[in-house]
Amino acid sequence: MSYTLTLKTRSLCEFTMNLERLPNEEKLSLCRKYYLGGFALLPFLWLVNVVWFFKEAFVKPPFTEQTQIKTYVKRSGMGLLFWVTVLTTWITIYQHFRAQWGELGDNLSFTIPLGTP
């Protein structure tokens, strides 16, 4: 099973990246970039990192960079789990207490729901 990323630009050019074709050093570099990018409040990058590099980290036969990739994948998974927990908690609290917060609850909302609370 290989993961392929295809990007299409305005000029309709197609760029494809296959992790199978990358050397291990570049895989490690890419994995590290996605891991660090997640700290820029982009937890989606951690999800991509876990999905793309799970096989490289835990399924493939051992290679030199595998231990570092494994570390980045584990940490990306923990960061993603943290973000999902925080966002789920906040959404639950906000949905439950928005009406009780009155004007503050409305000011925190992008759209103010019509009707009675």
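Reading the values: the criteria
- Residues numbered from 1 in each chain as written.
- Predicted model: local features only at pLDDT ≥ 70, side-chain atom pairs only at ≥ 80, totals over all residues.
- Heavy atoms only, no water.
- Helix = DSSP H or I, 4+ residues; strand = E, 2+ residues; numbered from the N terminus.
- Buried < 20%, exposed > 50% of the residue type's maximum accessible area, 1.4 Å probe, protein only.
- Contact = heavy atoms within 4.5 Å.
- Areas by Shrake-Rupley, 256 points an atom, 1.4 Å probe, with all protein chains shown as cover.
- Phe/Tyr/Trp six-rings, centres within 6.5 Å; stacked < 30°, edge-to-face > 60°.
- UniProt positions renumbered as here; feature names shortened; annotations may be inferred.
- Axes fitted to C-alpha atoms, helices over the stretch in contact; angles between N-to-C directions.
- Left-handed = near helix turned anticlockwise from the far one by under 90°.
- Nonpolar A, V, L, I, M, F, W, Y, C, P; charged D, E, K, R; others polar.

A.B. asks: So what exactly am I meant to see when it comes to the overall build of the chain here?
C.D. replies: For the chain, the helix and strand inventory stands at four helices and two strands. Taken from N to C terminus, the helices and strands of the chain fall in the order β-β-α-α-α-α. When each of the 117 residues of the chain is scored for burial, the buried share is 26%. Once local pairs closer than 6 in sequence are excluded, the contacts in the chain between residues at least 24 apart make up 36%. Accessible area of the chain: about 8,700 Å², with a carbon and sulfur share of 64%.

A.B. asks: Could you clarify how one ought to interpret the packing of aromatic side chains in this entry?
C.D. replies: The relative placement of two aromatic rings is captured by the distance of their centres and the angle of their planes. If you walk through the whole model with that rule in mind, you get 10 aromatic pairs. Taking the centre distance of 5.2 Å and the plane angle of 85° together, the rings of Y35 and F39 count as edge-to-face. Taken together, Y35, F39, W46 and Y72 form an aromatic cluster joined through their ring pairs.

A.B. asks: Could you clarify how one ought to interpret the UniProt feature "transmembrane region" (unreviewed entry) in the chain in this entry?
C.D. replies: Under the UniProt annotation, "transmembrane region" (unreviewed entry) lies at residues 34–54 and 75–97. With 76% helix and 0% strand, residues 34–54 has its two end C-alpha atoms placed 13 Å apart. Helix makes up 100% of residues 75–97 and strand 0%, whereas the separation of the span's terminal C-alpha atoms amounts to 33 Å.

A.B. asks: Any chance you could explain the packing of helix α2 (residues 43–58) against helix α3 (residues 66–97) here in plain terms?
C.D. replies: When two helices pack together, their arrangement is given by the angle between the helix axes and by the axis-to-axis distance. Contact pair α2 / α3: the axes reach a minimum separation of 8 Å and the direction vectors enclose 145°. The handedness of the crossing between α2 and α3 is left-handed. Each of P43, W46, L47, N49, V50, F53, F54, E56, A57 and F58 in α2 lies in contact with α3, whose residues at this interface are Q66, I69, K70, Y72, V73, K74, S76, G77, G79, L80 and W83. Tallied by class, the residues present in the contact of α2 with α3 amount to 13 nonpolar, five polar and three charged.

A.B. asks: Can you help me understand unusual backbone geometry in this one?
C.D. replies: Positive phi, normally seen in glycine, also occurs at L41, with a value near 60°. Here L41 lies in the loop between α1 (24–37) and α2. A residue is classified by how much of its surface remains accessible, and L41, at 60% relative accessible area, is exposed.

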